[in-house]
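# Descriptive structure summary
Here's the letter readout for the chains.
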Amino acid sequence: MKSITSSNIAEVARLSGVSVATVSRVLNSNQHVSPETRKKVLESIDKLNYVPNQLAAKMRKQRSGFVVVVVPDIGNPFFSRIITAIEETAKDFDYTVFVSDTQNSVEKERMIMKYLRQREIDGAIFLTARTEASAFTEISHNMPLVLACETLPGLPLPQVAIDNFRAGYDATTYLLGLGHRKIVHIKGFEGMKLSHDRARGYEMAMESSGIQPHMVKGDFTGSSGRAAAREIIERFPDATAVFAASDEMAMGAISEFYRLGRRVPQDMSVLGFDDISLGELFIPSLSTVRQPQSDIGTMAATLLMQHFRGELPKPEITTLSHAVIHRESTGPV
């Protein structure tokens, strides 16, 4: 027989025609359940061949009041607004937020997942998803889990993000609209779906205009943006615009272009991605693709809190809107 977990309690609820909270009350021997309902729930448990996991039930009752937010790089200012929004939402429900930094390490992400399996916190929000999808599914059997920023289509979890493919397409179309034809894309971290999606959007826009796409590697850091700028000048000396997959890379590229004698935007237009607060203060102020950082955090935390209240959110991707923001770092050819 299979033990009842927080995931398949929902199956018992659906078969019984009652709420998840009612199933939980039956499992915890709560007296505020009618004999008829109790019988219906127990019959469903028997039919589904489940056995109540008493340890899991006990741990559900012993609410810790803590949730974990897992980020790939705490030094990246993009995540600060998201974490703040998560904390503000969680505070309204009397939850405290811990932040865990994977430092862009898949191995460290796996270690954090191993810790989470010990069920020492009530739930988690992942702002990174580089581990295999099966690991997320396994953890979700023991605790509520939400993915944000990065997504894994087909994963049976609530997820929150923008459409990165469409955003990459819109960013490139914006530069094409300014008359640029030799546009180079600085890609994000290898192995990340959002990096792949933004690059695909760029490629689609270029190819739809009959123009050859050109890409160089990056890893979302300012230093990789500087290295990419040097590579662009060496390999594509006639380039007039750059679309970087993050604001930090865009700002790193701008600083290197100036060092190498290229003016922005007179000689080279540069477009970033994320709309971190520093971008507007940068000189020149950074044109970028805006992600609704606060909305992402609020939505992710809200979905997690719904789980805690027994209102299971749908295991689907919630897509939020993005926008291309024009500032001083881009201009016509």
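Right above here is the structure, for reference.
Heads up: these notes are all about the structure in this document.

Thresholds, definitions, all that
Residues numbered from 1 in each chain as written. Predicted model: local features only at pLDDT ≥ 70, side-chain atom pairs only at ≥ 80, totals over all residues. Heavy atoms only, no water. Helix = DSSP H or I, 4+ residues; strand = E, 2+ residues; numbered from the N terminus. Contact = heavy atoms within 4.5 Å. Pairing = 2+ DSSP bridges. Axes fitted to C-alpha atoms, helices over the stretch in contact; angles between N-to-C directions. 1 Å grid on protein atoms, 1.4 Å probe; cavity = no way out; pocket = protein on both sides within 12 Å on 5 of 7 lines; lining within 4 Å. Points joined across faces, edges and corners; volume = space filled by probe spheres on them. Nonpolar A, V, L, I, M, F, W, Y, C, P; charged D, E, K, R; others polar. Buried < 20%, exposed > 50% of the residue type's maximum accessible area, 1.4 Å probe, protein only. Lys, Arg positive; Asp, Glu negative; His and termini not counted. Salt bridge = Lys/Arg side-chain N within 4 Å of Asp/Glu carboxyl O. Polar contact = N/O pair within 3.5 Å; in protein donor to acceptor, adjacent residues only side chain to side chain. Phe/Tyr/Trp six-rings, centres within 6.5 Å; stacked < 30°, edge-to-face > 60°. Lys NZ or Arg CZ within 6 Å of the ring centre and 35° of its normal. Expected span 1.5 Å × (residues − 1).

What follows covers the environment of His307. Looking at the secondary structure, you find His307 in helix α13 (residues 293-308). Between the C-alpha atoms of His307 and Met143, which are 164 residues apart in sequence, the distance is 9.2 Å. Setting aside chain neighbours within four positions, we find His307 in contact with Pro144, Leu312 and Pro313.

Strand order in the open sheet formed by four strands is β9-β8-β10-β11, and the pairing between neighbours is parallel. A strand with exactly one partner marks an edge of an open sheet, and here the two such strands are β9 (214-216) and β11 (269-271). Each strand of the sheet is rotated relative to its neighbour by a mean of 25°, with strand direction disregarded. Two strands pair when backbone bridges link them, and strand β10 (residues 241-244) and β11 are joined in this way by three bridges, in the parallel orientation. In the sheet register, Val242 faces β11, and the bridge partner there is Val270. Running over the sheet, helix α9 (residues 193-208) touches β8 (183-186), β9 and β10 and is turned about 170° from β8. Across the sheet, helix α10 (residues 222-235) is in contact with β8, β9 and β10; its angle to β9 comes to roughly 140°.

The next thing to look at is empty space enclosed by the protein. According to the stated counting rule, one finds one cavity of 30 Å³ or more in the structure shown. Its volume calculated, the largest cavity comes out at about 210 Å³. Along the walls of the largest cavity sit 20 residues, with Pro72, Asn76, Phe79, Met192 and Phe220 positioned nearest its centre. Looking at the lining of the largest cavity, the elements that each hand over two or more residues are α5 (78-92) and α9. Split by residue class, the lining of the largest cavity holds nine nonpolar, five polar and six charged.

It is worth spelling out the side chain of Asp247 at this point. Residue position: Asp247 is located in helix α11 (residues 247-259). The buried charged residue Asp247 lacks any salt bridge partner; its closest oppositely charged side chain belongs to Arg327, at an N-O distance of 6.3 Å. Side-chain polar atoms of Asp247 contact the backbone nitrogen of Phe273, separated by 2.7 Å. Among the polar contacts made by the side chain of Asp247, one reaches the main-chain amide nitrogen of Asp275 at a distance of 2.6 Å.

For the rest of this paragraph, the subject is the packing of aromatic side chains. One pass over the structure, following the stated rule, counts five aromatic pairs. With centroids separated by 4.9 Å and ring planes inclined at 20°, the aromatic side chains of Phe66 and Phe98 adopt a geometry described as stacked. One end of the pair, Phe66, is in strand β3 (residues 66-71); the other, Phe98, is in strand β4 (residues 96-101), with 32 residues separating them in the sequence. The class of Phe66 is partly exposed, set by a relative accessible area of 31%. For the cation-ring pair, Arg198 lies above Phe273, with the distance from its terminal atom to the ring centre recorded as 3.7 Å.

In a regular helix each residue adds 1.5 Å, so 16 residues correspond to 22 Å; α9 covers 22 Å between its end C-alpha atoms and thus fits that length. Of the positions making up α9, those classed as buried are Leu194, Ser195, Asp197, Arg198, Ala199, Gly201, Tyr202, Ala205 and Met206. Looking at the buried residues of α9, the elements they touch are α8 (164-177), β8, β9 and β10. Taken from the residues just after α9, Gly210 is the one with a positive phi, measuring 75°.

This part is about α8. Taking 1.5 Å per residue as the helical rise, α8 with its 14 residues ought to reach 20 Å, and the 20 Å between its terminal C-alpha atoms agrees with that figure. Turning to α8, its buried residues number three or more, namely Asn164, Ala167, Gly168, Ala171, Thr172, Tyr174, Leu175 and Leu176.

On to the pattern of salt bridges, then. One pass over the structure, following the stated rule, counts 13 salt bridges. In this structure, the salt-bridge partner of Arg259 is Glu256, at a minimum N-O distance of 2.7 Å. Here Arg259 pairs with Glu256, and both are found in helix α11, just three residues apart, close to one helical turn. By relative accessible area, which is 4% here, Glu256 ends up buried. Among the charged side chains, a salt-bridge network with shared partners connects Asp275, Glu280, Arg290 and Arg327.

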